[in-house]
Amino acid sequence: MTGTLRRGWRAQRAVAGMQLKLAFHYRTRAFAQGIGALLLIGLQVALWSAVYAGGDGQVRAGGLTLHQTTVYAAAGTVWVLCLPGLALARQLESKIRDGRIVSELLLPTGFLTQWFSAALGRTAGVTVLVGVPAAIAGAAVLYPFTLDPAHVGRLALTAAIAFVVLFDFSYLIGLSAFFVRRVEGLNEVREALLLLLGGSMMPVSLYPAALRDAAVWTPFVHGFYTPLGTLVRDPFVDDRVVVLGACWAVLLSAAAALCTRAALRRLVIAGG
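The rules we used
- Residues numbered from 1 in each chain as written.
- Predicted model: local features only at pLDDT ≥ 70, side-chain atom pairs only at ≥ 80, totals over all residues.
- Heavy atoms only, no water.
- Helix = DSSP H or I, 4+ residues; strand = E, 2+ residues; numbered from the N terminus.
- Buried < 20%, exposed > 50% of the residue type's maximum accessible area, 1.4 Å probe, protein only.
- Contact = heavy atoms within 4.5 Å.
- Salt bridge = Lys/Arg side-chain N within 4 Å of Asp/Glu carboxyl O.
- Patch = residues over 30% accessible without salt bridge, like charges linked within 9 Å, V, L, I, M, F, W, Y side chains within 5 Å.
- Areas by Shrake-Rupley, 256 points an atom, 1.4 Å probe, with all protein chains shown as cover.

For the chain, an unreviewed UniProt entry supplies the name ABC-2 family transporter protein and the organism [Kitasatospora] papulosa.

1. As for the environment of phenylalanine 163
Along the chain, phenylalanine 163 falls in helix H7 (residues 149-175). Residue phenylalanine 163 is classed as buried on the basis of its relative accessible area, which comes to 7%. Residues phenylalanine 163 and histidine 222 lie 59 residues apart in sequence; the distance between their C-alpha atoms is 9.3 Å. Other than its neighbours up to four places away in sequence, phenylalanine 163 contacts Leu83, Pro84, Phe116, Ala119, Leu120 and Thr123.

2. Side note on the pattern of salt bridges
Counted according to the given criterion, the structure contains three salt bridges. Among the ionic pairs, arginine 154 bridges to aspartate 239, the shortest N-O distance being 2.8 Å. Of this pair, arginine 154 sits in helix H7 while aspartate 239 sits in helix H11 (residues 239-265), placing them 85 residues apart in sequence. The shortest N-O distance in the salt bridge between arginine 212 and aspartate 213 comes to 3.3 Å.

3. Some remarks on a nonpolar patch on the surface
Judged by side-chain polarity, Phe31, Ile35, Leu38 and Leu39 come together as a nonpolar surface patch covering roughly 410 Å² of accessible area. Relative to the helices and strands, phenylalanine 31 is located in helix H2 (residues 27-51). You can call phenylalanine 31 exposed: its relative accessible area is 60%.

So this is what it looks like as structure tokens:
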């Protein structure tokens, strides 16, 4: 049993490593994305500075100062580039449509865990190539910004929850190609809900109270707002919000496993 687990771990590590190397292969695209992220960060700083104009720097909107809000916006710009998104759903859909999905079933890995490892490897590669340099450059613009070492554990937990939530969303949308003709509509709905309820447009704590309180009960908010709110110490991101995010990560992962089983039963190979 131990040997089987060890071989399975090595296989998953190989899948993640391949995606990591692939991310480094497309360095030019990563460089362009990094430049775009820096330009967008500059735009976000200018935008929120205008929104908070006239204050003394300690004026708070939704419990956040100008500095906290600009850090949130800058980190969110980098976050979108690094985490699983539409590319994963489109890649899975494409492989299902043209039949390449069959070859992946021959690999010594579980189908769902294989895609999870691939997403993890890609995220690691993009983070190193784009995320870290953009974060360093953005931190220079937004200095001073400190991260209490005691706060790192909570931030790592919410980031892990966000990764699982965003992966499950993209995976389920891509997997739906087994059941529906096109998944583009589902992708658009996902992006719209992340924009409205996820906090990718602005911190959820700035929303009207009724919408803010409702949003935290949805899974979308935990893929974006919860980790970034934790980063800037948004007072609205309390233990209840983190626990809700963990529950959604578990539920979506269970749904992904069940849908994978149902989808693969529909797969027809050589007429049988």
